[in-house]
Structure formats: C-alpha cells, structure tokens
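If you want the building blocks of each chain, they are given just below.
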Amino acid sequence: RPRTPRHNGKVERSHRNDRERFYNTLKFHSLDDLQIQMKRYLFRSNNIPTKVLLGRLSPSQKRKQLLTDKPMSKPPALPTNIMAFINGVASCPS
C-alpha cells in the first residue's frame, strides 16, 4: 500500500540504487545524451534477472508473470546482443 513505511522503504531503496548505479557514475553532455543513457540503463535493469528477490526472473519477466497469472517455469534466455547493448554498441529496442 502507498504511504506505508514498507512502501516508502522500497521507493527510497529504488532511488538509492538509481543514484548509485546511474547518476553518480555517468556524465551527461546534453539532454539527448541523458535520455539515451537513461533508456539504456532502464532496459538493462529491467531485463537482467535478479539472483533471488524475484525468483531469478527479471523485473520485466516478473511483471509479465503477474499480469498473466501464469508462472514461468524457466526464465527465457537473454538476447544474444545483450552485452553489446549494455556496452552501448547495440540500439535500444523501442
């Protein structure tokens, strides 16, 4: 539920993660550069499976599972170009 200590803690943790992993480590040369790097960061953080928290599913996979109410037996393989995307070589899917 919103506005509860538990919910506030989750939101604050998310903001801390974004600050540590994104804002404190990257430099932006323009608004366009910021938007490109933010898309890349969000794609990466939403599509890389977690270790335990979401049952080894990525946030995107967990969301899909919750929306369809069908448990996924095994997480699908990451795209072959995921490392190229993370390193900034491949373009962000729309």
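These notes cover the structure that comes with them.

### Details of the packing of helix α1 (residues 5–23) against helix α2 (residues 31–47)
1) Next: Where α1 meets α2, the closest approach of the two axes is 11 Å, and the angle between their N-to-C directions is 120°. It follows from the interaxial angle that α1 and α2 lie oblique. Between α1 and α2 lies a crossing whose hand is right-handed. For the pair α1 and α2, contact is made by Asn17, Asp18, Arg21, Phe22 and Tyr23 and by Leu34, Gln37, Met38 and Tyr41, respectively.
2) Next: Residues of the contact of α1 with α2, tallied by class, amount to 5 nonpolar, 2 polar and 2 charged.

### With respect to the pattern of salt bridges
1) Next: In the structure shown here, the tally under the stated rule is 1 salt bridge.
2) Next: Across the pair Arg16 and Glu20 runs a salt bridge whose closest N-O atoms are separated by 3.6 Å. Of the two residues, Arg16 and Glu20 are both situated in helix α1; the distance of 4 residues between them amounts to about one turn of the helix.
3) Next: Residue class for Arg16 comes out partly exposed when judged on its relative accessible area of 33%.
4) Next: The class of Glu20 is partly exposed, set by a relative accessible area of 42%.

### Here we look at the packing of aromatic side chains
1) Next: Considering all chains together, one arrives at 3 aromatic pairs under this definition.
2) Next: A centroid spacing of 5.0 Å and a plane angle of 80° characterise the contact between Phe22 and Tyr23, whose relative ring orientation is edge-to-face.
3) Next: Judged by its relative accessible area of 0%, Phe22 is buried.
4) Next: Since its relative accessible area comes to 45%, Tyr23 is described here as partly exposed.
5) Next: Note on Phe22 and Phe28: the rings are 5.3 Å apart at their centroids and 35° apart in plane angle, and the pair reads as tilted.
6) Next: Since its relative accessible area comes to 30%, Phe28 is described here as partly exposed.
7) Next: Each member of the aromatic cluster is reached from another via a ring pair, and the members are Phe22, Tyr23, Phe28 and Tyr41.

Cut-offs used in this document
Residues numbered from 1 in each chain as written. Predicted model: local features only at pLDDT ≥ 70, side-chain atom pairs only at ≥ 80, totals over all residues. Heavy atoms only, no water. Axes fitted to C-alpha atoms, helices over the stretch in contact; angles between N-to-C directions. Helix = DSSP H or I, 4+ residues; strand = E, 2+ residues; numbered from the N terminus. Parallel < 35°, antiparallel > 145°, perpendicular 65-115°, else oblique. Left-handed = near helix turned anticlockwise from the far one by under 90°. Contact = heavy atoms within 4.5 Å. Nonpolar A, V, L, I, M, F, W, Y, C, P; charged D, E, K, R; others polar. Salt bridge = Lys/Arg side-chain N within 4 Å of Asp/Glu carboxyl O. Buried < 20%, exposed > 50% of the residue type's maximum accessible area, 1.4 Å probe, protein only. Phe/Tyr/Trp six-rings, centres within 6.5 Å; stacked < 30°, edge-to-face > 60°.

These figures capture arrangement, not role.
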